[in-house]
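Close look at the chain arrangement
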Amino acid sequence: MKREFQAKIVSPDKKGGLTYIEVPFNAAEEFNGKGRIKVQGALNGHTYRSSLISKGNGFYILVIDKKLQKQIGIDDCDTLHVTMEADNIAVDQNVKTPIEKIEKSSMDVLTAIRTRRSIRRFSKKSIDEKVLNTIMEAGFCAPSAKNKRPWHFILVKNKEILKRLAGNDSNHKPISEADCCIVICGDKNIQGMNDFILEDCSAAVQNILLASHGVGIGAVWCGLHTGTKDSKSLTEIFELPTKIVPIAIVALGYPEEDKGAVERFDFSKVHYEKW
Ligand SMILES: Cc1cc2nc3c(=O)[nH]c(=O)nc-3n(C[C@H](O)[C@H](O)[C@H](O)COP(=O)(O)O)c2cc1C
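Quick caveat, the model's predicted, so the values are computed rather than measured.

The subject of this paragraph is the packing of aromatic side chains. Tallied over the entire structure, the rule returns four aromatic pairs. With centroids separated by 5.6 Å and ring planes inclined at 85°, the aromatic side chains of Phe 5 and Phe 25 adopt a geometry described as edge-to-face. Taken together, the positions of Phe 5 in strand 1 (residues 3-10) and Phe 25 in the loop between strand 2 (20-23) and helix 1 (27-30) put the pair 20 residues apart, joining distant regions of the chain. Taken individually, Phe 5 and Phe 25 each receive the classification buried, so the pair is uniform in this respect.

See below:
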């Protein structure tokens, strides 16, 4: 259940101390927490994802890190409007309404890694929901720094939007010919640009590519540099909030080209014990 409350900001007397708010209810009872209680929500509208710290006797605090303090403009506030809920929503939703997905792939993980290639020509056959869920789930299963999972996936099937996303960049041509694409975005408020947002989202992209290949779908990673024309146009097309940064587009479809595996082990780039 989502809670909403006002909380007084507690600032450190000394340098190096923690800035935090006290949670005005027993968070363990409220969020069925045992051990670390993971929560998410917003402080004055700025999203966060964090773990509560126990002060004993059912009392908990939420520490506000320096980056979030800056975003909130904490020096100008005494109290904060807080929303807070257990950070297990996706898991809960899956339990309540299980998504339809493929349970197993007949391709083992090493074969998938060794034979995956970028596929840029696709047939007209459309990919069904169950397959797309399986591919997106692979993205959600990626590792992320401090388990922040800053990603969002925009699934696009509309042919007009696919064309707009491809734009005039020849590198992005596969998007216009794909059955659909997934735009992988990151939430800068959850994982900052100077933290590991690019690494987290790239790990999700690679999982998406491998899972696609594993279930017989061709895919290619189309790169986006932040701040470029393509990235800005994408932000406009989807009217993305400022905290959301587009990181990659994966074009997907049934393969219309057959690419073999290539041997890529390169001894000249392996260093044993020393450079
Ligand atoms: C960050 C990144 C950006 C990429 N951008 C594009 C792109 O814009 N268009 C494209 O056709 N392929 C793109 N690729 C795919 C690479 O061209 C491809 O992975 C590389 O040529 C190796 O081929 P393989 O994937 O078949 O092994 C990109 C790959 C990465 C990792």
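Around the ligand lies a shell formed by Arg 116, Arg 117, Ser 118, Arg 120, Asn 171, His 172, Val 220, Trp 221, Cys 222, Gly 223 and Arg 264. A distance of 2.6 Å separates an oxygen atom of the ligand from a polar side-chain atom of Arg 120. Between the ligand and the protein, one listed contact pairs a nitrogen atom with a backbone N or O atom of Gly 223 at 3.0 Å. If the ligand stood free it would expose 620 Å²; the protein chains cover 62% of that surface. Considering only residue class, the shell around the ligand consists of three nonpolar, four polar and four charged.

Our focus in this paragraph is the side chain of Thr 19. Checked against the element boundaries, Thr 19 lands in the loop between strand 1 and strand 2. There is a polar contact of 3.5 Å between the side chain of Thr 19 and the side chain of Gln 69. Here Thr 19 is in contact with Ile 9, Val 10, Ser 11, Pro 12, Leu 62, Val 63, Ile 64, Gln 69 and Ile 74, once residues within four sequence places are set aside.

With respect to the helices and strands, Ala 138 occurs in helix 5 (residues 129-140). When the C-alpha atoms of Ala 138 and Ala 203 are compared, they prove to be 10.0 Å apart, with 65 residues separating the residues in sequence. Those residues in contact with Ala 138 that lie beyond four places of it in its chain are Asn 207, Ile 208 and Ala 211.

Feature annotation in UniProt places "domain: Nitroreductase" (unreviewed entry) on residues 113-166 and 176-254, given in this structure's numbering. As annotated, residues 113-166 has a helix share of 43% and a strand share of 11%, and its two end C-alpha atoms lie 27 Å apart. Secondary structure within residues 176-254 divides into 38% helix and 30% strand; the distance between the first and last C-alpha atoms comes to 14 Å.

Moving on, we get to the sheet that holds strand 4 (residues 46-56). Reading around the barrel, the six strands line up as 1-2-5-4-3-6 and close back on themselves, with antiparallel pairing between neighbours. Going from strand to strand, the sheet's axes swing by 40° on average, the running direction of each strand aside.

Moving on, we come to the domain arrangement of the protein chain. When the domains of the protein chain are assigned, the result is domain 1 (3-91) and domain 2 (101-253). One C-alpha centre belongs to domain 1, the other to domain 2; they are set 32 Å apart. Counting residues at the interface gives eight residues for domain 1 and 12 residues for domain 2. Here domain 1 meets domain 2 over a buried area of about 760 Å², counting both sides, of which 30% is carbon and sulfur. Per-residue buried area on domain 1 facing domain 2 is highest for Thr 47, Arg 49 and Lys 67; these three make up 68% of the total on that side. A salt bridge links Asp 87 to Arg 149, with the shortest nitrogen-to-oxygen separation between them at 3.5 Å. At the surface where domain 1 touches domain 2, the tally comes to five residue pairs in polar contact (both at pLDDT 80 or more). Taken together, the elements giving at least two residues each to the side of domain 1 that touches domain 2 come down to strand 4 and helix 2 (66-72). It is strand 4 that provides the largest number of residues to the side of domain 1 that touches domain 2, a total of four residues.

What follows concerns the sheet that holds strand 8 (residues 180-187). Across the sheet, four strands lie side by side as 7-8-10-9; this open sheet has antiparallel pairing. Either end of the sheet is taken by a strand with one partner, and the two such strands are strand 7 (151-156) and strand 9 (218-223). Recorded for the sheet is a direction-independent mean angle of 25° between the axes of neighbouring strands. In the sheet, strand 8 pairs with strand 10 (residues 244-253) via eight bridges, with the strands oriented antiparallel. Directly across from Asp 187, in strand 10, lies its bridge partner Ile 244. With respect to the sheet, helix 5 is in contact with strand 7, strand 8 and strand 10, its orientation differing from that of strand 7 by roughly 160°. The strands touched by helix 6 (residues 159-166) are strand 7 and strand 8; relative to strand 8, the strand with the most contacts, the crossing angle is about 60°.

The rules behind the values
- Residues numbered from 1 in each chain as written.
- Predicted model: local features only at pLDDT ≥ 70, side-chain atom pairs only at ≥ 80, totals over all residues.
- Heavy atoms only, no water.
- Phe/Tyr/Trp six-rings, centres within 6.5 Å; stacked < 30°, edge-to-face > 60°.
- Helix = DSSP H or I, 4+ residues; strand = E, 2+ residues; numbered from the N terminus.
- Buried < 20%, exposed > 50% of the residue type's maximum accessible area, 1.4 Å probe, protein only.
- Near = heavy atom within 4 Å.
- Polar contact = N/O pair within 3.5 Å; in protein donor to acceptor, adjacent residues only side chain to side chain.
- Areas by Shrake-Rupley, 256 points an atom, 1.4 Å probe, with all protein chains shown as cover.
- Nonpolar A, V, L, I, M, F, W, Y, C, P; charged D, E, K, R; others polar.
- Contact = heavy atoms within 4.5 Å.
- UniProt positions renumbered as here; feature names shortened; annotations may be inferred.
- Pairing = 2+ DSSP bridges.
- Axes fitted to C-alpha atoms, helices over the stretch in contact; angles between N-to-C directions.
- Domains from an automatic or database assignment.
- Buried area = accessible area lost by both parts, 1.4 Å probe.
- Salt bridge = Lys/Arg side-chain N within 4 Å of Asp/Glu carboxyl O.

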